[in-house]
Structure formats: structure tokens, C-alpha cells
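Now for the letters of each chain:
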Amino acid sequence: MAIRMLPAGGLTLAILIADPCALSAAERSIVQVSFAVAEPLYLDQLTAAEKRTIEQGVTGLLLRKLEDEIPFLRFAAGPADRKLQVRLGTPDASEERAHDVNLYLLLSGSNLEQATKEWKFRGRATWDDAITDPQAFRTEIETSLGLQKFSSVIRGLFERIAVAGEGESIHLPEWDIAWLLPFKQTELCMAPHSRVRLITEVQTTYNPNEPLELEADTSVFATAPREEQKGRILCLPDRAQDLSLVSGRPPEVVKVKEVYVLKFIKMASGCKPPQPPAAAAGPGGGQ
Amino acid sequence: MSRPAVWGSILAALAAVAAAEAAPPAKAAGQSAAVQAETPPAQTAVQSETVQVETAPPAYAAGQSATVQAETRAGRLQSEGKVKEAEQVLSTARSECAPGEAGKDCRHYLDYSLGYLYQSKAGTGEPRDVMLRSAAGSYEKLLSETPAHGPSVDNLLTIYRELGEPERAVPVLQHAMEADPEAAGGYALQLGDVYLALSQPEEARRLYEKAARESPSDEAAVQRIVLTYQAETRAASAPDPGELIRLGQEWEKRFPASAREAYETAIRAAYRKDAWTGERALALWAAHLARGGSLTMHDLKSLPADWDTQMLRDLRSYLAKPESGIGQESRWATMREGRVALLLIAVALGRERLEGGDLQKAEAVWQGAARLIGQREPSSSALELQIELASLYSSHPELDADGQKFLSTEMELFRGKGNAIAQADLETIQRYHTALGLLYVERGQWESKGSARGAIFQLRHALSTADKRWQAEGFYQPLAKLRELLADGYRKTGDLAGALRTYLNACRAYLDADDLRGAERTLAAVRALTLAGGGEETAVKELAGILGLRMELTKEKGTMQGASADLASRIDALAGLADSDTSALPPQGGFGRRQRFKIFADAAPSPTLTVLPSQTVLTNAGRALDLVMKGGATLVGAGDLLRLERVQKIVIGALGVSAKGPEVVPGAPGAVEPKLALSLPTDTGPALVEVSPEAITAARVLNGLGPDTVLRARLELRIRGDSVILYKAAPGWDLKDLADKLASAGVEALNI
């Protein structure tokens with residue numbers, strides 16, 4: 001997609017070229033997750049079966065952790081267009097020289113610029129501590145991953161994945177334009193003040209076959225105003241943005257094409273449906 | 001979290017009704033009897049000094065049974081779409097609840113059931129707002145008697161939100177906070193959200209700060225603190241960017257995403273009116289991102305698009321072509337935070353080029369950045385860059401024909417180490433010594449004329465710095481490999497006494513790290529030196545005994561049979577041992593306790609689903625738990641975490657308790673008990689292990705009563721939080737003695 005930057009206002013205008021990965025359903029995008037032990041020194045100490053067991057176990061942990069911490073995407077071990085590979089050991093790891101051993105996160109996929117992040121696993125002084133018990137080694141990896149927060153890689157990694165391929169633009173009394181995402185707040189457990197980037201296609205009369213594209217950063221507001229929209233996530237644009245391209249245009253010519261989550265704030269309560277009386281017998285201070 | 005007693009007795013009734021629900025409706029009349037049978041008969045009250053023994057109110061069970069029956073019937077009607085009838089059943093049952101304290105449970109349960117009924121029906125054909133208001137009324141009624149009932153508070157907040165009346169949540173949450181101080185952090189977070197929605201960011205911040213204090217490892221509150229500053233930025237009431245920078249620095253390690261947000265908010269607050277502060281925030285932001293792996297052009301989109309500063313232009317140019325370096329007059333070179341950022345970025349970009357096989361470009365990136373390192377730069381980023389360069393010249397001598405580049409880098413490493421020492425930055429000092437030590441080991445350079453330029457000096461100081469961190473932070477690092485390398489160095493250079501002493505500690509460290517082969521190897525090295533006249537027979541004998549025992553246990557564990565009689569008696573002999581060398585530094589100090597924990601835990605193999613653990617297994621699991629609960633043994637490595645999980649599972653399984661497994665949390669300042677230190681093979685600091693209150697109480701019960709009594713009484717004992725319930729005493733039991741034993745084991749409340 002070719003994008004022409006506008007000089008100011010956090011706004012991007014572009015000529016749209018069809019994106020083969022454009023999403024059409026109001027379903028969260030799927031990311032394939034895998035884990036691999038790739039540090040050469042550790043590979044020498046594990047049998048193929050031990051390595052496979054560790055990798056399957058850690059992949060399971062990753063899936064659970066990601067589902068909990070990044071609820072705006074779906075994660076699966078099976079094939080998907082977007083891939084998050086987590087490796088123990090960076091691609092340049094040496095078997096001979098003492099070095100920090102890192103957990104290396106690589107996000108890739110078609111039409112997606114590769115992005116990486118690293119988390120420390122072992123320091124230089126302990127990088128070659130022997131693997132005496134594969135189960136303990138797996139626990140060490142899981143503990144190390146458990147201490148990390150995937151929220152820290154929304155920026156840099158997950159912000160690059162479109163979570164949905166549709167949305168609705170609406171007019172509100174105080175706003176020229178606002179957007180409704182195709183999700184309810186409780187589906188994503190997304191609290192107000194989360195940040196969402198919307199790529200919007202704008203039909204123009206002077207060139208109807210080549211719609212313009214608007215990139216707008218928005219904040220999630222509480223709930224939508226009309227009865228039938230209640231519960232859907234309402235996004236309001238930043239006041240500083242130049243929205244003249246869409247100002248005053250009827251909503252039907254301003255279509256949301258891609259939705260990206262830039263900052264995710266989880267709701268403190270109310271994500272889950274009310275607990276039935278039997279389950280609510282004990283007290284609790286929120287979900 | 002404390003559990004109000006009013007709910008306790010209903011739980012047993014619910015279990016009975018759940019079982020009865022599976023039966024055909026005709027048998028519903030039998031439910032009451034089933035509940036009665038489950039409910040323990042009232043027992044004689046026994047008092048001791050520290051244990052309060054309570055009796056359940058008589059005639060209570062019949063009332064609670066009727067309550068649950070009404071809710072069950074209403075649930076059935078609701079599922080058939082008969083909402084009015086369901087409401088009628090619940091309302092009638094509520095009107096029949098006994099007045100006053102005796103009917104409190106009954107009213108609460110039915111108020112919640114009514115609230116749940118209305119809330120579930122809202123928006124499904126029934127008038128939404130009417131249903132929501134009715135639900136709110138029921139929950140409010142419940143909370144007027146029990147203000148901290150979490151599910152009711154949560155449901156009420158959802159309803160107020162849906163009604164567009166968030167301000168109504170303020171008194172509800174304030175009362176809940178007062179009523180349940182243990183859960184006050186969660187309520188403070190929710191109340192902060194309400195104030196933020198009401199555009200009162202300062203009040204919201206005060207509450208988020210409270211929530212952050214209560215749950216120091218939870219990012220939710222920290223994330224929202226930044227939101228309050230952002231709200232002020234939007235309201236043009238100018239938050240203090242200096243405070244945001246301070247918060248960013250404080251959060252970098254524990255909450256990287258929030259730290260980034262704090263820096264970006266500081267930039268937005270400052271860039272138009274205070275260029276210096278904005279640029280400082282930019283440098284800290286860049287360093288923070290680079291520390292997390294890399295900083296790319298993509299990340300620059302997070303910065304204000306209209307910020308036209310030379311410093312930002314310099315960064316763009318550098319990211320595009322780092323081989324060209326950066327000008328000495330750039331703010332990145334003149335500002336300390338800027339240099340740190342540039343060094344970190346250079347390390348990552350140089351590695352990328354090295355990975356791509358372009359040695360010259362990698363060298364150019366690193367050398368260009370190395371020129372920025374100031375005379376007094378005490379940063380681990382400088383260390384990483386210098387180590388990359390030294391390693392590059394060591395492994396690619398073609399880049400350094402006369403060795404001068406290595407020497408120059410080595411000098412810079414020493415200068416960096418000196419600066420870290422001047423700043424008393426123990427973590428960085430240890431990293432410098434370790435990196436230099438390993439570099440010299442790689443080059444076979446044990447000693448030199450200036451002793452610091454040798455592996456022995458550097459490894460010794462790496463270990464003594466680790467000792468200082470143990471004393472300052474309680475962070476034990478076994479560092480077995482470093483100890484073995486140092487001992488090798490002593491042996492090679494003729495210092496046999498030093499070698500002997502260090503091999504002994506290496507052996508202890510290997511045993512701590514569960515590397516029995518390493519322990520065997522270093523013990524053999526000790527024996528070779530002892531034969532040559534080294535001495536230390538007692539220590540060798542002790543280590544050989546422990547190593548032998550642990551190896552035998554490893555073999556027996558493989559058969560899943562548990563310890564043999566001979567092994568069991570050797571393990572029993574360890575139980576009464578007193579600790580020696582309690583004042584010594586680890587690995588010597590505390591070695592006995594750490595090893596006893598491992599041995600007792602390994603002598604308690606995983607229970608099967610169907611067979612109860614034997615008395616021996618339970619005894620050893622109890623011994624292991626007791627050792628760590630009493631705070632004497634640091635857990636070392638993931639192996640110890642697995643051991644703790646296993647012995648906890650055995651103990652809680654024997655007592656029929658359900659409890660969360662031990663949970664590892666980051667070592668956060670202000671962390672509260674009960675937590676144990678866990679040392680993993682990283683150099684950043686210890687993690688903490690949280691053990692659930694139920695597991696702690698179960699361990700106390702086991703240690704107080706002994707495995708024999710626990711196995712006999714297990715079906716009559718229940719544990720909830722830090723309380724123990726005994727349903728029925730066996731004939732001949734001395735309840736006073738039982739209560740006293742539990743009290744002395746630390747059990748706080750016993751209900752009979």
C-alpha cells in the first residue's frame with residue numbers, strides 16, 4: 001500500500017491499492033504462535049523428544065498468556081497468515097562465546113514488516129548452565145516468560161496487525177466524525193482511553209474509482225450513544241487531527257478498512273458476564 | 001482476602017443442591033435432608049488463648065436449604081422464560097427470611113439471585129432500563145448489609161455504566177474500600193476509573209496510586225496513572241513533565257509499556273514550551289526502546305508529528321545510516337541520556353550487520369558509537385558496546401592486525417568498570433568483572449603483570465560482587481561455572497589452597513543449581529587436590545554424603561517407588577540437623593537448609609490421583625514446606641520451583657484443599673509476605689514466589705498435627721483461607737490439645 005504522508009496532524013492520506021489481506025468479518029485476527037529452543041548450546045543437551053515436549057508445553061503457555069493479555073487478537077498453534085515466533089536464543093547466538101541468552105520474539109506475515117523484540121533469559125555468567133532436567137528447564141523458560149508482559153510489545157509488534165477489517169463511521173453532536181468498531185467493549189475487555197488507529201477509505205465524487213485513505217488515531221470512549229449500538233466500542237478522533245477530508249461527508253462514504261490497537265487498557269471489571277448466584281457465594285474485589 | 005462468615009455455611013448447602021439438581025425433580029424433597037447431612041452438627045465450644053473455636057448457630061441449616069431451593073426453582077423458571085414467576089418465587093422466599101442477623105445469609109443470597117435475574121433479562125425482551133434499575137436495587141440492598149461483596153459491586157458498576165450514571169458508583173466503591181481493606185486496591189482501581197470518566201484526573205490519580213501501592217506487581221494502576229496525566233495534557237492544565245520522566249525511569253524494568261507511555265506523555269507536555277526537557281525525555285525514551293531490543297523508524301511515529309527539532313532529525317539520520325556515526329555536537333553526544341541511548345541503539349544495529357556478515361559495517365557502527373563514551377560513563381550500555389568490540393577483535397584478528405584495537409577497547413572496559421565502581425552500581429560492576437573474566441578465560445590469560453588484566457582477578461571480583469548483592473538485595477547467585485573456572489585458574493597458576501577452597505564452593509553451587517555432574521566433577525577435583533595435601537576432609541565428606549544421597553534419590557525417583565528403607569533412614573537423620581555456617585556467605589552459608597529442602601522434596605514423589613500419599617511421603621513433603629515457609633531456604637532455580645509445587649500439591653491433596661500453585665512474581669519493591677525468594681539464572685535480581693494462604697494453612701496443619709493425625713482426620717478437616725474447620729472429632733480426641741497444637745503451628749482460627 002502506497003502512503004503519502006501529510007505534513008502535520010497525525011493524519012495520513014493515501015491512494016488505496018487493494019490489500020489481499022484486507023479483513024472482511026468482525027472477527028478478531030488470528031496469529032499463529034510457536035516456540036522453539038534455538039540456542040545452539042541447549043540444542044546439544046536435549047533429545048529431539050525432550051525438545052519437542054518443551055516446545056509444545058511452552059507454546060501452550062504462550063497461547064494462554066496471550067489470550068489473557070492481548071484479548072483483541074486470537075492466537076492459535078495452527079497455521080495463520082500472521083506469525084509470532086518466540087525463540088530461546090537470538091539468530092546470531094554463538095556456541096563458543098559467553099553471551100546473554102535472550103527470548104527473541106519475531107512477528108511476521110504477508111504484507112507485514114517484520115518486527116522483533118528481546119527479553120533477557122540468562123545472563124552471561126550463567127548462559128551455559130547445564131540442562132540437567134528437561135522439565136526444570138521448561139519451568140525455567142515458562143517462569144521467565146511468565147514474568148514478562150505482552151502488553152510491553154503491543155507497541156512495536158501487535159500494533160502492526162489489523163484486528164478487524166470493518167467498522168462504521170457516525171456523526172455525533174460534538175464530533176464531525178466518530179467510529180464504531182465491530183466489537184462490543186466486553187468482547188475485547190477494552191477500557192476507555194485505549195488507543196486505536198483506523199485506516200478509513202473515503203469515496204470522493206471527483207474520482208470514485210480511487211478512494212482516498214485516511215489514517216486516524218482515536219481514543220476509545222465508553223459506549224455508543226444509540227440504543228441499538230450500545231456496548232459497541234466507540235472511537236473518537238484526537239482533537240488535534242485534521243479531519244477535513246471526512247468532515248461533513250455522509251457516513252456511508254467513509255468506510256473503515258483496518259483497525260489497529262495501539263494501546264490496550266483492560267477493563268477493571270465487567271468483562272465477564274455476571275456470576276450466577278452459586279458462583280458468587282464468595283466475595284471478590286473485581287475480576 | 002477475608003471471607004465473611006455469612007457465606008461460609010451456604011457453600012456446603014450449594015454443594016448438596018448441585019448434586020441434587022442432577023436428580024429428577026421428584027426427588028427435590030430429599031434435598032433438605034441431604035443438606036442437613038452435609039452440615040456438621042454443632043460441637044462443644046472449646047477456647048484456647050490463641051484459637052477461637054466457634055459453634056454454628058443451631059437450626060441454621062434448614063433455613064439455608066430453603067433459600068437455595070428457592071433460587072434453584074427460580075433458575076428453572078427463568079430458563080423456561082417465566083421471569084415473573086421466578087421473581088415471585090425469590091421475592092416470596094426473601095420475605096420469609098428470618099429477621100436480623102439470623103436471616104442475613106438468606107437475604108443476601110436472595111438479593112443477589114434477584115439482581116442476577118433482572119440483570120440477565122435486561123435487553124432480552126424486557127424493558128432494559130427498568131430491568132437494570134431493578135437489578136441495581138437488589139444489589140444495593142445486599143451491599144447495604146455487606147458492602148464489600150465483590151460480585152455485587154462488579155455487577156452494580158456494570159449496570160451504572162450501562163445506565164450512563166457512573167457517578168452512582170462512587171459511594172458504593174468507597175464503602176467497599178472501607179469494609180474490606182484487603183481488597184481495597186481493586187476497589188481503588190475501579191473508583192479511579194469512575195473519577196477519570198467524570199473528568200477528575202487528580203482524584204483518579206490519588207486512587208490509582210493507592211491501587212499501585214496495594215498491588216505493586218499489577219500494571220493496571222500504573223497504566224492508568226499515565227492516563228491521568230494525559231487527561232491533564234488534553235485539558236491544557238499542563239502536567240509536570242519532570243514527574244512523568246521520574247515515573248518513566250521508575251517503571252522501566254517492571255512496566256516497560258507504561259514507562260514508554262510516561263516518556264511520550266512527558267514529550268507531549270514539554271516539546272512546545274520546554275525544549276530541554278522534551279529532548280531529555282526523547283533520549284530516555286530512545287534508550288528505553290533500544291534496551292527492549294531495537295528502536296526503528298516505525299517507533300518515531302509515536303512522537304508529535306509537528307516536532308521539528310534537530311535532535312529528532314539527527315536520530316532519523318542515524319537510524320538510516322548508523323555507520324556514519326553522529327556528530328560530536330549533536331544533543332545525542334552532549335547529553336548523558338542521549339549517549340546511553342545511542343550506545344544501546346548502536347549495539348543492536350551493529351549486531352544486525354554482524355548477523356548479515358558485514359564485519360566492517362558492524363565495526364564502523366560500534367567504533368562510531370564508542371567515540372561517544374565519555375570519561376565518566378557508568379553505564380551497562382557502554383559495557384555491552386565495548387564487549388561487542390572486544391569480542392569482534394578476538395574472533396576476527398584480521399580486523400586488528402597489530403592488536404592495538406583490542407588493547408584500546410580493553411582500556412575502555414577498565415575505565416567503564418572504574419566508573420561503575422565509583423557509582424557503587426553492583427549489578428553493572430558484576431557484569432564488567434564477569435565479561436572481562438570470561439574474555440580473559442577465552443584468551444587463556446589467567447594472570448598478567450598488572451593482575452587486573454587476568455581472568456583470576458576478574459572472576460574473583462565478579463564473585464565477591466555477587467556476595468555483596470546477596471548482602472544488599474538477598475539475591476543469591478550460585479555461579480557454579482564461574483567458581484569452577486576460577487578454581488581451574490588457581491590450580492593452573494599454582495595456588496592449590498585457593499583452588500581447593502574454590503572447588504569446594506563450586507561443588508556446593510552445582511548442588512544448589514541441581515547440576516549433579518558438575519558437583520561430581522568439582523568434588524573429584526577437590527579430592528585430587530586433597531591427595532596432594534590440601535586437607536578439608538570434613539567438607540569433602542559432607543559434600544560426598546549429600547551428593548551420594550541426591551544421586552540415589554534421582555535413581556529412585558525414576559522408579560516412582562519412593563525412598564527405600566535405607567535411604568529413608570538417612571533422610572530422617574537429616575531432619576533434626578542444626579544449621580552450621582549460618583553467618584557464612586552462600587554457597588556455604590545456608591547450604592544445609594537448601595540441600596535439605598531439595599532432599600525432602602525429592603523424597604516425596606508426585607502423588608497419583610487415586611492413592612493417598614504414604615506417611616513417609618507426607619512427612620517429607622511437610623518437612624520441605626516447613627523449611628521454606630519458615631523463611632530459611634532460598635529457592636534456587638526452576639528445579640526448586642517444581643519441588644515447591646509438588647510438595648504443596650501433596651500437602652493440600654492430603655487435606656482436600658484446593659489452592660493455587662505457587663505463583664512467581666517479579667521482585668517488586670514493597671512486596672509483602674508471604675513471599676519466598678527465587679533465584680533464577682539471570683543476573684538482574686531475584687523473583688518472588690507467592691504461596692496461597694490455603695497452602696500455608698495446610699502446611700501449618702500438617703506440621704501442627706503430624707501426618708498420622710492428618711491422614712486420619714482428613715475427611716473431617718476443611719481449610720478456607722487461614723481458617724480451619726473441623727466437622728467431626730473422632731472418639732477420644734482431645735479438642736483442647738488439638739486446638740493448642742494448631743495454634744502453636746500458626747493456625748489463626750479453628751471452627752468446629
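Please refer to the structure higher up on the page.
In this report, the structure presented in the accompanying data block is examined. (Residues numbered from 1 in each chain as written. Chains lettered and ligands numbered in written order. Predicted model: local features only at pLDDT ≥ 70, side-chain atom pairs only at ≥ 80, totals over all residues. Heavy atoms only, no water.)

Side note on the overall build of chain B
(1) Moving on: A count of helices and strands for chain B gives 32 helices and 8 strands.
(2) Moving on: The buried share among the 752 residues of chain B stands at 54%.
(3) Moving on: Taking all contacts inside chain B whose residues are at least 6 apart in sequence as the whole, residues at least 24 apart take part in 61%.
(4) Moving on: If you sum the accessible surface of chain B, you get close to 32000 Å²; carbon and sulfur atoms cover 52% of it. (Helix = DSSP H or I, 4+ residues; strand = E, 2+ residues; numbered from the N terminus. Buried < 20%, exposed > 50% of the residue type's maximum accessible area, 1.4 Å probe, protein only. Contact = heavy atoms within 4.5 Å. Areas by Shrake-Rupley, 256 points an atom, 1.4 Å probe, with all protein chains shown as cover.)

What about the state of the cysteines?
(1) Moving on: If you walk through the whole model with that rule in mind, you get 2 disulfides over all chains.
(2) Moving on: Across the disulfide, B:Cys97 is cross-linked to B:Cys106 (sulfur-sulfur distance 1.9 Å). Disulfide B:Cys97-B:Cys106: the torsion about the S-S bond is -70°, which places it as left-handed.
(3) Moving on: Distance from the sulfur of A:Cys235, which forms no disulfide, to the nearest cysteine sulfur (A:Cys189) is 16 Å.
(4) Moving on: When its relative accessible area of 0% is taken as the criterion, A:Cys235 is described as buried. (Disulfide = S-S within 2.5 Å.)

Quick word on the interface of chain B and chain A
(1) Moving on: Residue-level contacts link 84 residues of chain B with 61 residues of chain A.
(2) Moving on: Across the interface of chain B and chain A, roughly 5900 Å² is buried in total on both sides, 55% from carbon and sulfur atoms.
(3) Moving on: For chain B, the biggest contributors to the area lost against chain A are B:His298, B:Leu642 and B:Pro681; these three give 10% of the whole.
(4) Moving on: One can count 7 salt bridges joining chain B with chain A.
(5) Moving on: As a salt-bridge pair, A:Lys263 and B:Glu261 come within 3.2 Å of each other at their nearest N and O atoms. (Buried area = accessible area lost by both parts, 1.4 Å probe. Salt bridge = Lys/Arg side-chain N within 4 Å of Asp/Glu carboxyl O.)

A look at unusual backbone geometry
Residue and element names in this part refer to chain B.
(1) Moving on: The amide bond that connects Pro586 to the next residue, Pro587, takes the cis arrangement and shows omega of 15°.
(2) Moving on: Relative to the helices and strands, Pro587 resides in the loop between helix 27 (565–575) and helix 28 (591–602).
(3) Moving on: The phi angle at Ala424 is positive, at roughly 55°, despite the residue not being glycine.
(4) Moving on: Relative to the assigned elements, Ala424 resides in the loop between helix 20 (404–422) and helix 21 (426–442).
(5) Moving on: A positive phi angle is found at Asp514, which is not glycine, with a value near 65°.
(6) Moving on: Judged by its relative accessible area of 13%, Asp514 falls in the buried class.

Thoughts on the nonpolar core
(1) Moving on: Within the largest apolar cluster, 290 residues are counted, with the highest numbers of intra-cluster contacts made by A:Phe35, A:Phe72, A:Ile141, A:Phe158, B:Trp285, B:Trp332 and B:Val701.
(2) Moving on: Sequence-distant contacts of A:Phe72, defined by excluding residues within four places in its chain, comprise A:Arg28, A:Ile154, A:Phe158, A:Val163, A:Leu188, A:Val261 and A:Phe264. (Core = buried A, V, L, I, M, F, W, Y, C linked by side-chain atoms within 4.5 Å.)

As for the sheet that holds strand 3 (residues 30–37) of chain A
Residues and elements named next belong to chain A.
(1) Moving on: Taken in spatial order, the 5 strands of this open sheet run 4-3-5-6-7, and their pairing is mixed. In this open sheet, the two strands that pair with only one neighbour each are strand 4 (74–76) and strand 7 (112–122). Strand after strand, the sheet turns through a mean of 25° between neighbouring axes, direction not considered. (Pairing = 2+ DSSP bridges. Axes fitted to C-alpha atoms, helices over the stretch in contact; angles between N-to-C directions.)

Details of the environment of B:Leu289
(1) Moving on: Mapped onto the elements of the fold, B:Leu289 is located in helix 14 (residues 275–291).
(2) Moving on: Discounting chain neighbours no more than four positions away, the residues touching B:Leu289 are B:Arg260, B:Ser294, B:Leu295 and B:Asp299.

Re the packing of aromatic side chains
(1) Moving on: A complete count under the given rule lists 9 aromatic pairs over all chains for this structure.
(2) Moving on: Among the aromatic residues, those joined into a cluster by ring pairs are A:Phe75, A:Trp119, A:Phe150 and A:Phe158.
(3) Moving on: One residue, B:Arg205, lies across the ring of B:Tyr229, its end atom 3.8 Å from the ring centre.
(4) Moving on: Positioned over the ring face of B:Phe406 is B:Arg443, at 3.6 Å from the centre of the ring. (Phe/Tyr/Trp six-rings, centres within 6.5 Å; stacked < 30°, edge-to-face > 60°. Lys NZ or Arg CZ within 6 Å of the ring centre and 35° of its normal.)

Some points on the packing of helix 6 (residues 128–145) of chain B against helix 7 (residues 150–163) of chain B
Residues and elements named next belong to chain B.
(1) Moving on: Helix 7 packs onto helix 6 with a crossing angle of 150° between their chain directions and a minimal axis gap of 9 Å. Like other packed secondary-structure pairs, helix 6 and helix 7 cross with a definite hand, here left-handed. Across from Arg128, Asp129, Leu132, Arg133, Ala135, Ala136, Tyr139, Glu140, Leu142 and Leu143 in helix 6, the residues of helix 7 making contact are Ser152, Val153, Asn155, Leu156, Ile159, Tyr160, Glu162 and Leu163. (Left-handed = near helix turned anticlockwise from the far one by under 90°.)

Details of the side chain of A:His99
All names here are of chain A.
(1) Moving on: Looking at the secondary structure, you find His99 in the loop between strand 5 (82–88) and strand 6 (101–109).
(2) Moving on: There is a polar contact of 2.6 Å between the side chain of His99 and the backbone oxygen of Arg97.
(3) Moving on: Leaving out residues up to four positions away in the same chain, His99 has contacts with Glu39, Ala93, Ser94, Gly123, Arg124 and Trp127. (Polar contact = N/O pair within 3.5 Å; in protein donor to acceptor, adjacent residues only side chain to side chain.)

A short note on the pattern of salt bridges
(1) Moving on: Summed over the entire model, instances satisfying the criterion amount to 70 salt bridges over all chains.
(2) Moving on: With its nearest N and O atoms 3.1 Å apart, the salt bridge here joins A:Asp68 to A:Lys266. Residue A:Asp68 is found in helix 2 (residues 48–69), and its partner A:Lys266 is found in the segment after strand 13 (254–263); the two are separated by 198 residues along the sequence.
(3) Moving on: Look at A:Asp68 and you get partly exposed, because its relative accessible area is 44%.
(4) Moving on: Close ionic contact of B:Arg246 with B:Glu250 constitutes a salt bridge, the shortest N to O distance being 2.9 Å.

Things to note about the pairing of strand 3 of chain A
Residue and element names in this part refer to chain A.
(1) Moving on: As paired elements, strand 3 and strand 4 share 3 bridges and run parallel to each other. Counterpart to Gln32 in the pairing with strand 4 is Ala76.
(2) Moving on: Of the pairings in the sheet, the one linking strand 3 to strand 5 comprises 7 bridges and is parallel in character. Bridge pairing links Phe35 to Val86 in strand 5.

What about the environment of B:Lys84?
Residue and element names in this part refer to chain B.
(1) Moving on: Structurally, Lys84 can be placed in helix 4 (residues 83–95).
(2) Moving on: On the basis of relative accessibility, which here comes to 61%, the residue Lys84 falls in the exposed class.
(3) Moving on: Residues Lys84 and Tyr109, 25 residues apart in the sequence, show an inter-C-alpha distance of 19 Å.

With respect to helix 9 (residues 184–197) of chain B
Residue and element names in this part refer to chain B.
(1) Moving on: Taking 1.5 Å per residue as the helical rise, helix 9 with its 14 residues ought to reach 20 Å, and the 20 Å between its terminal C-alpha atoms agrees with that figure.
(2) Moving on: The element helix 9 is extensively covered by neighbouring structure, given that 11 of its 14 residues are classed as buried.
(3) Moving on: Ser199 lies just past helix 9 and shows a positive phi near 60°. (Expected span 1.5 Å × (residues − 1).)

Focus on the environment of B:Pro586
All names here are of chain B.
(1) Moving on: With respect to the helices, strands and loops of the structure, Pro586 is situated in the loop between helix 27 and helix 28.
(2) Moving on: Among the residues examined, Pro586 registers a relative accessible area of 5% and is labelled buried.
(3) Moving on: For Pro586 and Met131, which are 455 residues apart along the polypeptide, the C-alpha to C-alpha distance reads 65 Å.
(4) Moving on: With residues near it in sequence (within four places) discarded, Pro586 still touches Asp467, Trp470, Tyr476, Arg483 and Arg594.

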